[in-house]
Amino acid sequence: MIKTVGLNKWFGDLHVLCGVDEHIKKGEVVSVIGPSGGGKSTFLRCLNMLETPESGHIFFEGTDITEADVDINVHRQKMGMVFQHFNLFPHLSVKENLTLAPVLLKKKTPAEAAEQAAELLNKVGLYDKINEYPRKLSGGQKQRIAIVRALAMEPDVMLFDEPTSALDPEMVGEVLEVIKCLVKAGMTSVIVTHEMGFAREVSDRILFMDGGIIAESGAPAELLTHPQNPRTQEFLSKVLY
Amino acid sequence: MSEYFDNIVKIMTRYWDVFLVTGVSYTLLLSVITVFFGAILGIFFCLGRMSKIKPVTWLCIAIVEVVRGTPMLLQLYVGYFLVPKLLPFAVSDFVSIAIALIINSAAYVSEVFRSGIQSVDSGQTEAARSLGLSSSQTMLRIVLPQAVKTILPALGNEFITIVKDTSLASTFFIGELMTSYLKVKGTTYLTMECLFIVGVIYFVLTFILNRLLCAFERRLRAND
C-alpha cells in the first residue's frame, strides 16, 4: 500500500532520514518506536508529503507521490492523519470539523456528511458534543474527534503521529481504545508512539528507528523481548512498559 | 489666561463649521478611504510577499521596505507631484494625496496581515492539508478566519494612526483638520488658540475610536 525507496530528508545540515526503505502492506498495522530525534515523525510525515523528502520515492497505491506532476491533494484524501496536538479547527464546531473536508472536496453532500459525522461521533461516544466548539473539550475528546475527522474522508490508511503524547495520563486510555477498535476493523495504520504496551498489543509489526534509519523491524513479541540490534536493546532497556 | 479662553470661544462661535464640519469630515473621509483601500492593496502586497514567484516576492518586499524606510511627508510630496503626471486624466490634489496615503498604509497593513497569518499555528495548515485541502482552500477556510482575530484589532490601530497622519496632508491644503487650522489661523492670527482647538478635536476623535476598538476587541475575545 505504501512503499518508500531510499527516502532521504535533511533539515539544514541535519540528515534526519538516511535512505529509508519500507513497505507497509494493506491491512497491516505498523508501530514506529525509537528515541526522540530518530526520524520517526519525519518518516511518518513524509508518507503523506507533509515533509518533502530531498531524494527517494514514495509509492502510495502504486503512484509515486513524490513526482512533481502528481496532485498530492487527491492522494492525501486517502491518507488520514492524526497529530500529537490534535489540530482541530478552533473556529469550527465539532460537526463542521468533521464535515468541512468531505463537503469541500465534493465527496459528500452536506446532508450526507452530517449524517456520517453523527454516526462517527456515536462510535467514539461523543455524539453529545456535535455542536460544541473544540475549546470546550478535553484533550482526550479532542483527539478522538481528530481521529474521526480523518475517518470522515474514508481513508485507506491512517497515520498516527504520537497520538497520546500530549494527553494527560488519564485520557490516554480512551484514545488508545478508539485506535484499537479501528485497527481491529482492519484499517491499515502506521502509528508513531511511545506506548510500548499498546504497540505490542495492536501491531503486526514494529519498526525501531534511530539515527534516520529503520534499525530493526519485526513482530512485536520478537522485537520487544529479543531485540537483535544493540541500539534497540539499549532503547528498550531505558523505557519501562 | 482668561483672554486665551475667550479667544477660543470666539473662534469656535465664528468658525466651528470650518473645524467640526469641513475639517473633521475631510479627516475622517481621507482616513476611511486610506484604510479601506490600503487594506485591499495590503492584502495583495502580503500575498505577493508570500508568493512562490520570486520576482513578485522581491518587488513586494522592496515596496514595503521603501515605504517604511522613507518619511511619509516625502511620500506625500511624491504622490502630489507624480500621480497627476502618471494618470491620463486630471485628478484633484485630494486624490493624489489619498493615493500616496493608500500606498503608505498598504505597506504597513501588509505586515499586519503577514503577522496575523503567521500567528495561526502551523498545525492548522498541516491538519487541513492532510485532509486533502489545497493550499488556497486551507488559506481561505482555515487560516484566514483565525488570522482575522489578530488582524482586525491591529487594523483598528492603523486607522487611528492614519487619522493623525492625515494631518500631514495639510501641507497640500487638502481640507482636513490641520488645513482648517491653517485657514483660521491665517485670518485670526491666533496660533495657540487654533492649535488648542484642533488638538482637542484630534484627541476626542482618536479617543472615541480607541474606545470603540477596545469594545470590539473584547467582543472578539468573548468568542474565544
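Residues numbered from 1 in each chain as written. Chains lettered and ligands numbered in written order. Predicted model: local features only at pLDDT ≥ 70, side-chain atom pairs only at ≥ 80, totals over all residues. Heavy atoms only, no water.

Asks: Tell me about the overall build of chain B, residues and numbers included.
Replies: Along chain B, the regular secondary structure elements total eight helices and zero strands. Reading the helices (α) and strands (β) of chain B from amino to carboxyl end gives α-α-α-α-α-α-α-α. Each of the three principal axes of chain B carries a C-alpha extent, and together these read 75 × 45 × 25 Å. Per-residue burial over chain B gives 44% buried out of 224 residues. Summarising the internal contacts of chain B: among those between residues at least 6 apart in sequence, 73% fall at separations of at least 24. Averaging the coordinates of the 18 positive side-chain charges in chain B and doing the same for the 14 negative ones gives two points 7 Å apart. (Helix = DSSP H or I, 4+ residues; strand = E, 2+ residues; numbered from the N terminus. Buried < 20%, exposed > 50% of the residue type's maximum accessible area, 1.4 Å probe, protein only. Contact = heavy atoms within 4.5 Å. Lys, Arg positive; Asp, Glu negative; His and termini not counted. Charge placed at Lys NZ, Arg CZ, Asp CG, Glu CD.)

Asks: Tell me what's going on with the overall build of chain A, and back it up with residues and numbers.
Replies: Counting its regular elements, chain A contains nine helices and 10 strands. Projecting the C-alpha coordinates of chain A onto the three principal axes gives extents of approximately 55 × 45 × 35 Å. Counting only residues that meet the buried cut, chain A has 58% of its 241 residues in that class. In chain A, the proportion of contacts linking residues at least 24 apart, taken out of those at least 6 apart, comes to 65%. When the accessible surface of chain A is split by element, carbon and sulfur atoms take 51% of a total near 10200 Å². (Areas by Shrake-Rupley, 256 points an atom, 1.4 Å probe, with all protein chains shown as cover.)

Asks: Could you give an account of the sheet that holds strand β1 (residues 2-11) of chain A, with specific residues and numbers?
Replies: By definition, the strands of a sheet pair up through backbone hydrogen bonds, in either a parallel or an antiparallel sense. Residue and element names in this part refer to chain A. Ordered by their spatial adjacency, four strands build an open sheet running β2-β1-β4-β5, and the pairing between neighbours is antiparallel. Since the sheet does not close on itself, it has two edges, and those belong to β2 (14-24) and β5 (63-64), each with one partner. When β1 meets strand β4 (residues 55-60), the two strands line up antiparallel, connected through five bridges. Its bridge partner being in β4, N8 is matched across the sheet by S55. (Pairing = 2+ DSSP bridges.)

Asks: Hey, could you go over a nonpolar patch on the surface for me, with residue numbers and the actual values?
Replies: Residue and element names in this part refer to chain B. Together, M1, F5, F196, V200, F203, V204, F207, I208 and L212 make up an exposed nonpolar region whose accessible area comes to about 910 Å². Looking at which element gives the most residues to the nonpolar patch, the answer is helix α8 (residues 191-222), with seven residues. Along the chain, F196 turns up in helix α8. (Patch = residues over 30% accessible without salt bridge, like charges linked within 9 Å, V, L, I, M, F, W, Y side chains within 5 Å. Salt bridge = Lys/Arg side-chain N within 4 Å of Asp/Glu carboxyl O.)

Asks: Tell me what's going on with the sheet that holds strand β9 (residues 205-210) of chain A, and back it up with residues and numbers.
Replies: All names here are of chain A. With respect to topology, six strands assemble into an open sheet ordered β6-β7-β8-β3-β9-β10, the strand pairing being mixed. The open sheet is flanked by β6 (79-82) and β10 (213-218), the only strands paired with a single partner. On average, each strand axis in the sheet is tilted by 20° relative to the strand beside it, whichever way the strands run. Contacts from helix α5 (residues 139-151) reach β6 and β7 (157-161) within the one sheet, and its direction differs from that of β6 by about 170°. Here helix α6 (residues 169-184) sits on the sheet in contact with β3 (29-33), β7 and β8 (188-192), set at roughly 155° to β7. (Axes fitted to C-alpha atoms, helices over the stretch in contact; angles between N-to-C directions.)

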